[in-house]
Amino acid sequence: MAEDTQWYYQISTGAVTQGKVGNVFDRMGPYPDEASARRALEIAAARNAAADAQDSDDD
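What counts and what doesn't
- Residues numbered from 1 in each chain as written.
- Predicted model: local features only at pLDDT ≥ 70, side-chain atom pairs only at ≥ 80, totals over all residues.
- Heavy atoms only, no water.
- Core = buried A, V, L, I, M, F, W, Y, C linked by side-chain atoms within 4.5 Å.
- Buried < 20%, exposed > 50% of the residue type's maximum accessible area, 1.4 Å probe, protein only.
- Helix = DSSP H or I, 4+ residues; strand = E, 2+ residues; numbered from the N terminus.
- Contact = heavy atoms within 4.5 Å.
- Phe/Tyr/Trp six-rings, centres within 6.5 Å; stacked < 30°, edge-to-face > 60°.
- Lys NZ or Arg CZ within 6 Å of the ring centre and 35° of its normal.
- Pairing = 2+ DSSP bridges.

*Asks:* Tell me about the nonpolar core, residues and numbers included.
*Replies:* As a rule of thumb, nonpolar side chains are buried together in soluble globular proteins. Counting 8 residues, the largest nonpolar core is built from Trp7, Tyr9, Val16, Met28, Tyr31, Ala37, Ala40 and Ile43. When contributions to this core are tallied by element, the ones reaching two or more residues are strand E1 (7-10), strand E3 (27-31) and helix H2 (40-58). In contact with Trp7, not counting residues within four places along its chain, are Val16, Thr17, Gln18, Gly29, Pro30, Tyr31, Pro32, Asp33, Glu34 and Ala37.

*Asks:* Tell me about the packing of aromatic side chains, and name the residues and values.
*Replies:* If you walk through the whole model with that rule in mind, you get 0 aromatic pairs. Here Arg27 stacks its cationic end above the ring of Tyr8, 5.5 Å away from the centre of that ring.

*Asks:* Can you explain unusual backbone geometry? Please cite residues and give values.
*Replies:* In terms of backbone geometry, most residues other than glycine have negative phi values and most peptide bonds are trans. Note that the residue after Gly29, namely Pro30, is joined by a cis bond; omega there is 15°. Inspection of the secondary structure assignment puts Pro30 in strand E3.

*Asks:* Could you give me a rundown of the pairing of E1, with the residues and numbers involved?
*Replies:* Side chains Trp7 and Tyr9 of E1 all project onto a buried face; the interleaved residues Tyr8 and Gln10 project onto the opposite face, where all are buried too. When E1 meets strand E2 (residues 16-18), the two strands line up antiparallel, connected through 3 bridges. Bridging from a neighbouring strand, Tyr8 pairs with Thr17 of E2. In textbook terms, the turn of a hairpin is the stretch between consecutive antiparallel strands, and for E1 and E2 this stretch comprises 5 residues, one of which, Gly14, has a positive phi near 80°. Looking at chain direction, E1 and E3 are connected through 3 bridges and run antiparallel. Its bridge partner being in E3, Gln10 is matched across the sheet by Arg27.

Here's what the structure looks like:
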């Protein structure tokens, strides 16, 4: 099995890790790099806003 070199954001601690560390329910990712993982909450908020806007357009 290949080594996991992708990056993850740990929700409970705010830590950024390389590889799958911790519980799957406490992890966001994978992200391609550390900087993206550090922005995980910002990225998720932007994706949610875009999805909400699309839902509004569909109504």
